[in-house]
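Descriptive analysis of the structure
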Amino acid sequence: MSSKPKVLATRTLPDAVEKRLAQDYNVHLNPDDALYSSDELIELAQEADAILPCHTEHFTANVVQRLPNSVKIVANFSVGVDHCNLEEFRKRGIIVTNTPDVLSDATAEIAILLMLGAARRAGEGERMMRDGSWRDWSPSFMVGSAITGKRLGIIGMGRVGQIVAKRARGFEMEIHYCNRNRLAETNEQGAIYHDSIEDLLPVSDVLSLNCPASPETANLLSAERIARLPDGAIIVNTARGALVDESALVDALKSGKIASAGLDVYRTEPGGNPEIAALPNTFLLPHIGSANVETRDAMGFRALDNLDAYFAGREPKDRVA
Ligand code: DGY
C-alpha cells in the first residue's frame, strides 16, 4: 500500500494539477465531475488525509462534524470560503486553506466585462442577434450609458478591488471605495476613501462588489442601501450572491432606479435567479470569474502548495482556519 497521503479531490481539476496531485499523493479523482452530495462526500472521505474541494461543496457545521477523523486538512480550490463553516473546522482541529491572489486578475477582468455589458446593454444586443429580431437602427436604438469618466464605487478594496480600480482607471473613472481599513496612500492611487458604505453609495454611478461573503456582509446591498445610489446607477457583482438582497435588486431594476446590473454570482447556484434572468436590463454570467486556463491552473497549484506544506510539516501559506 502506498504511504503517500490520501487526498479526495471533489471535482475534475485541470490536467496539470491532477498530474501533480497524482505524482505526490494517493488520490481519489472525479473524472465525471459529478457533484457529490454531503453524504457521498463524507463516505468518500473515509480514510482520506485531506480533501481538495471547491465552493460547490458545502461544509456546513453538520458536514464538518461528520467528517472522519482521518481528515486533517481541507485545501480549497477557491479564494472564497463562505461554503466552509470555519468555526466548526476550528473546533475539529481541521486546517482549512484557500487560494488568494492567483484569481484576482481574472475576476477583475470579469468585473470590467460585466460593467461594460450592463452599461452598453450587451446582453440584450446579443440575444437580439441570436434570435434574429434585429430589424432597425435609429438614434434611439439600444441606447445605454457610458462608463468613461463615471464614478466607480468599490466595496471591498482587497486584491480584486484594487485591480478593478486599476483597470477602471483606463476608462478614466473616478475611483471611490469603502474597506474595513483605509489603504496606504501608495495603494490608493488617488482612490477616494469612504469610511461607511452609506457614504460611498451616493457617489457610485457604478457600484462593484468585491468583498467576501460572511455573516457580517450578508445582504449588505439592501433595499435601503440601493435607495442611496444615484438614480440610474449600475451594479456589478463578481463576489458572492449572498451580499445582495435579490428581491430588492429586482424591484430597483424594474423601477429604473438601477439602470442595469452585471452579475456573475447569485444567491442560488447553480441556476441563478429566474426573476433576475427575466429582466432585460441585466447582463448575466454563470460564476466564471476565475475561469481561464492560467488562473485555474494557478488555483490548483496553490491548493497543492498548501497541501505540500502541511504534509511536509510546515504551516500552509493560505491557512484560514
Ligand atoms: C472563488 O475562488 O472563490 C471563486 O468564486 C470560485 O470558487
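Preceding this section is the structure that the text describes.
Now for a description of the structure that goes with this document. Keep in mind that what you see is a predicted model, and the values were worked out from it rather than measured.

Conventions adopted
- Residues numbered from 1 in each chain as written.
- Predicted model: local features only at pLDDT ≥ 70, side-chain atom pairs only at ≥ 80, totals over all residues.
- Heavy atoms only, no water.
- Helix = DSSP H or I, 4+ residues; strand = E, 2+ residues; numbered from the N terminus.
- Buried < 20%, exposed > 50% of the residue type's maximum accessible area, 1.4 Å probe, protein only.
- Contact = heavy atoms within 4.5 Å.
- Core = buried A, V, L, I, M, F, W, Y, C linked by side-chain atoms within 4.5 Å.

So, the environment of Ala 321
- Tracing the backbone shows Ala 321 in the segment after helix 13 (293–311).
- The buried category is assigned to Ala 321, whose relative accessible area is 9%.
- Through-space distance from the C-alpha of Ala 321 to that of Gly 93 is 8.5 Å; in sequence the pair is 228 residues apart.
- Excluding anything up to four places from it in sequence, Ala 321 contacts Leu 86, Arg 90, Ile 94, Ile 95 and Val 96.

Side note on the nonpolar core
- In terms of nonpolar packing, the biggest core is built from 29 residues, with Ile 155, Leu 207, Leu 209, Leu 221, Leu 249 and Ile 258 touching the most fellow members.
- Looking at this core, the elements with two or more residues in it are helix 9 (197–200), strand 9 (206–209), strand 10 (233–237), helix 11 (246–255) and strand 11 (258–263).
- In terms of residue count, helix 11 provides more of this core than any other element does, 5 residues in total.
- With sequence-adjacent residues up to four places away left out, Ile 258 is seen in contact with Ile 226, Leu 229, Ala 233, Ile 235, Ala 252, Leu 253 and Asn 281.
- Among the nonpolar cores identified, the runner-up in size contains 27 residues, and Ile 110, Leu 152, Met 157 and Val 164 belong to it.

Structural notes on helix 6 (residues 122–131)
- Taken residue by residue, helix 6 has Gly 123, Glu 124, Gly 125 and Met 128 as its buried positions.
- Residues of helix 6 that are buried sit in contact with helix 5 (104–119) and strand 12 (282–284).
- The positive-phi residue at the C-terminal boundary of helix 6 is Gly 132, with phi of around 70 degrees.

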